[in-house]
Amino acid sequence: GVLTLAAGVGSTFRKSTLLILLGSFLKDDELDSSKPRKRTSGTFRESLDSLVGADVNDIICLLENEGLIMRTGIGSSLRYKFSHDQIQAFAYSLTPEEDRPLLHLRIGRLLYSNAAYYDEVDKKVFIIVEQLNRGKDLIDGEERLSLAKLNLTAGERSIQSSAFVPALTYLRIGLSLLTPNEMFSSEHYDMSLRLYSSTAEAEFVNGNIGEMEDAVAVISKNAVCFLDRFPSYLCLVKSYISQGRVDEAISTGFGVLSKLGEPFPKSSGTFTTIRDHVKTKNKLRGKTDDQLKELPIMKDDSKIAAMRMLNLMYSCCYICKPDLLPLVTFRMVRLSVKYGLSYVSAFAFAAYGMIVSAFLGNSKEGNRFGKIALSILEKFDTKELTSRTVAIVWFFITPWREHSLCDSLEHFTNASKIGMEVGDHEYALYNLTNFTTFSLFCGRPLAILQDECAGFQEYASSLNQDIAKQIITPFRQGMLNLMGRSDDPLILRGAAMNEDDFFETEVPPQNHPFMSHLVLYNRMFLAYTFGEYKVAAEIADMSRTSISKALPGMFIVVNHVFYDGLAASALARESKASNRKYKKTMKVAIKKMKTWTAQTPSNCLHKLRLLEAEHDVMRRKKTSACKAYEAAIEAAHKSGVTQDEALAHERAALFFRELGDEKKASRYLAIAHQLYLDWGADAKSSQLQTQYSTMVSQARKRRSFQDYMVCRTASVSPKVETS
């Protein structure tokens, strides 16, 4: 009997729970006799009668000694569990199937009664609901409504704990316990609204878009005021974003903001943006970092709601309406300063730091607000905005000031995990895309990274996060091209995508400007890497003036300038003639890289040195070029970016070959070949082997090459031979 009762409770149980249940089950009045119920079967009744006068402590010790149950935990956490699932299954089977709903109902009622007596219903709500739900068909009246409320509590508590699958089960049962006449009636309005609002959120997080939209429709029809409908609009906008329907998300989101007293224009020009920025600066003027961190807490419900919607609008505007991005950011900051801090304010100040850094070119001030954002994040006891805030700070702010790209990787992985825990799938996946691009720029092995990308894309598909999947796609195909897994290394066509129909089949029209620049960058990078400098320059011409507007704040802009300048230099060297266009492109690239190097040398110094070396070659300054190549190689080695170190050796090799120094050229080609192999760029290493097979093969046999690779493995910066 004890084992049977324990099996009814679950796989784990407390001794105190069994004592409560056993004592009550052996009485005839443990249930309200006025409630109709089925008669307990003879077999189960006999098993209970056999326990009369038994000492439960002795029985538990006996079961433990026989190996049927075992202890887990110590002290107040002490519980017992079945030694094997089959033991619990067998014990549970001793209760006839027709008696099981009544068994669970009686267990649930007794647990509820005991918990209510000690005012512990909230604490024990899950074990109570699990039992009562299995006997829910046997209850009616007030007890049915009480169970609906308990399921609502369990569902909301599960959402708070990021347990969205069980949350959905509780919430659906809670809804099923309300009759049509009770749903949204004056007496049960609050419970109905909370059930449907939480259900909409749980359905969305679980990827059930259609069911989420059904719940939103019910709320829209029955909610009596706009703020009651607001949570459902949040879910709807999140759904649009996940599906890549950004224009619908923007339309809905700004419509909601207008009703909350925060209207926005449909578009914004330079004058509007400057005016809004001045208003924001005036709000911030005179306030120290500590004063901003210690602003009072926001109390106005409509402003809190506006902050939550503005938070969602940020990513939409970044992709589809970049002209409105500053206005959205400025509004969040002004609301925070005027009405106080909400948990969204951490994201607001991070976004402001990004705007100041990317749009206004003030990376120092941007970094300041990034730090303020992280401090505000710690102020609130919630992880809901962690993934978003970390994504902005470590992707758009810190790389431009004081951290290498590699420093961001750990933050992205942690933030992605937190995003998944709290149901923020959008930024959980954005953090994975950030991890992908920075990992590529940092020189992580391509084979490992490509496999991770494939997993990320599958993950994004399973969560209906289309935009994140689209962002990863051209980078993953670029990796495959480098690895030799495409018919043409210059064309993004293979297992990940086909550039010929990518925009027709995968990307909504409103997202084309954003995505097209990601595709163009990868094509330019591949073209330059494989020596097709004219193609690289032509692609650079298509995006040179627009990439910083289409991808504001992204470090990809630095790499675009880098390869744009290198392609111009290579074409100038090939032409053997002065070319104003190429010279101008090169000078602009060096000027920009100098500015960025002053801000973030760990990320840009080696790029600047290689541009300077190529520029010296253009100007026929051979001695200076030789020293610049040496500096570029050393800086690239210190940065740990394998592909850039390989490139510096490759360009140095071609320089010495032009000078007629075949021995030195072959040595650098052999090193470049090996570094490309180490990175996993088999197609590129094969190209060098094919073009310079004799030079590479002979150089690899020399002691100088072997010494270099030993020296490099030992992390000692090797030197270029200048004699």
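Residues numbered from 1 in each chain as written. Predicted model: local features only at pLDDT ≥ 70, side-chain atom pairs only at ≥ 80, totals over all residues. Heavy atoms only, no water.

(A) Quick peek at the overall build of the protein. In terms of helices and strands, the protein carries 37 helices and three strands. Based on the C-alpha atoms only, the size of the protein along its principal axes is roughly 105 × 65 × 50 Å. Burial analysis of the protein (723 residues in total) assigns 57% to the buried set. Considering only contacts in the protein between residues 6 or more positions apart, those separated by 24 or more positions represent 69%. A total of about 30,900 Å² of accessible surface is found on the protein, and carbon and sulfur atoms cover 50% of it. Here the protein holds 90 positive side-chain charges and 83 negative ones, and the gap between their average locations is 10 Å. (Helix = DSSP H or I, 4+ residues; strand = E, 2+ residues; numbered from the N terminus. Buried < 20%, exposed > 50% of the residue type's maximum accessible area, 1.4 Å probe, protein only. Contact = heavy atoms within 4.5 Å. Areas by Shrake-Rupley, 256 points an atom, 1.4 Å probe, with all protein chains shown as cover. Lys, Arg positive; Asp, Glu negative; His and termini not counted. Charge placed at Lys NZ, Arg CZ, Asp CG, Glu CD.)

(B) A look at the packing of aromatic side chains. Within the structure shown, the criterion is met by 33 aromatic pairs. Measuring from ring centre to ring centre gives 6.2 Å for F349 and F369, while their planes differ by 5°; the resulting arrangement is stacked. Here F349, found in helix α18 (residues 345–358), pairs with F369, found in helix α19 (residues 363–379); they are 20 residues apart in sequence, far enough to count as distant. Considered together, F349 and F369 belong to a single accessibility category, that of buried residues. Through a chain of ring-to-ring contacts, three or more aromatic side chains come together here, namely F441, Y521, F525, Y528, Y533, F562 and Y563. One Lys or Arg, R331, reaches over the ring of F264 and ends 4.0 Å from the middle of that ring. Seen from the ring of F369, R368 lies directly overhead, with NZ or CZ sitting 4.6 Å from the centre. (Phe/Tyr/Trp six-rings, centres within 6.5 Å; stacked < 30°, edge-to-face > 60°. Lys NZ or Arg CZ within 6 Å of the ring centre and 35° of its normal.)

(C) Local environment of the environment of P296. Inspection of the secondary structure assignment puts P296 in the loop between α15 (289–293) and α16 (301–320). Taking the C-alpha atoms as reference, P296 lies 40 Å from G210; in sequence the two are 86 residues apart. What P296 contacts, discounting residues up to four positions off in sequence, is G340 and L341.

(D) Representation of the nonpolar core in the model. Core analysis: the biggest nonpolar cluster contains 184 residues, and M309 and F349 have the highest contact counts within it. Ranked by residues supplied to this core, first place goes to α16 with 13 residues. Contact partners of M309, with chain neighbours within four places excluded, come to F230, Y233, L234, V237, G253, V256 and L257. Judged by nonpolar contacts, the second largest core, of 65 residues, contains V9, L110, V121 and M212. (Core = buried A, V, L, I, M, F, W, Y, C linked by side-chain atoms within 4.5 Å.)

(E) Quick peek at the side chain of E182. Counting through the fold element by element, E182 comes out in the loop between α9 (164–176) and α10 (189–205). A residue is classified by how much of its surface remains accessible, and E182, at 13% relative accessible area, is buried. A polar contact is formed between the side chain of E182 and the side chain of R144, at a distance of 2.9 Å. Here T179 takes part through its backbone nitrogen, which lies 2.9 Å from a polar atom of the side chain of E182. (Polar contact = N/O pair within 3.5 Å; in protein donor to acceptor, adjacent residues only side chain to side chain.)

(F) Geometry of the sheet that holds strand β1 (residues 12–13). If you trace the three strands from one edge of the open sheet to the other, you get β1-β3-β2, paired in antiparallel fashion. Where the open sheet ends on each side, the last strands, each with one partner, are β1 and β2 (69–72). Sheet topology places β1 next to strand β3 (residues 79–82); two bridges connect them, and they run antiparallel. Looking across to β3, one finds that F13 is bridged to Y80. (Pairing = 2+ DSSP bridges.)

(G) Structural context of the state of the cysteines. What the rule picks out here adds up to zero disulfides. Cysteine C317 is unpaired, with the sulfur of C316 as its nearest cysteine sulfur at 6.6 Å. Exposure remark for C317: the relative accessible area of 0% places this residue in the buried category. Free cysteine: C453, not disulfide-bonded; nearest cysteine sulfur from C442 at 13 Å. With relative accessibility at 0%, the residue C453 sits in the buried group. (Disulfide = S-S within 2.5 Å.)

(H) Region of the structure containing helix α17 (residues 325–339). Here α17 contains 15 residues, and its C-alpha end-to-end distance of 21 Å stays within 8% of the 21 Å for a straight helix at 1.5 Å per residue. Here α17 lies mainly inside the structure; 13 of its 15 residues are buried. Following α17 by one or two positions, G340 adopts a phi angle in the positive range, close to 110°. (Expected span 1.5 Å × (residues − 1).)

(I) Local environment of unusual backbone geometry. Despite not being glycine, S162 shows a phi value in the positive range, around 65°. Within the fold, S162 resides in the loop between α8 (141–160) and α9. Assessed through its relative accessible area of 22%, S162 is described here as partly exposed. At N464, a position not held by glycine, the phi torsion is positive, near 60°. Note on placement: N464 falls in the loop between α23 (446–462) and α24 (466–482). Overall, the relative accessible area of 24% leaves N464 in the partly exposed class.

(J) Just the pairing of β3, in detail. Of the two faces of β3, the one lined by Y80 and F82 is fully buried and the one lined by R79 and K81 carries no buried residue. As paired elements, β2 and β3 share four bridges and run antiparallel to each other. Note that in β3 the partner of I69 across the bridge is F82. Remark: six residues form the turn of the hairpin made by β2 and β3, two consecutive strands paired antiparallel; G73 in that turn has positive phi of roughly 85°.

(K) Broad picture of the pattern of salt bridges. Enumeration over the complete set of coordinates arrives at 30 salt bridges. A salt bridge links E499 to R523, with the nearest nitrogen and oxygen atoms 3.9 Å apart. In this pair, E499 sits in the loop between α24 and α25 (502–505) while R523 sits in helix α26 (residues 512–529), placing the two residues 24 residues apart along the sequence. For R523, a relative accessible area of 24% corresponds to the partly exposed category. Here the salt bridges share partners, and the residues they tie into one network are D541, R544, D564 and K581. (Salt bridge = Lys/Arg side-chain N within 4 Å of Asp/Glu carboxyl O.)

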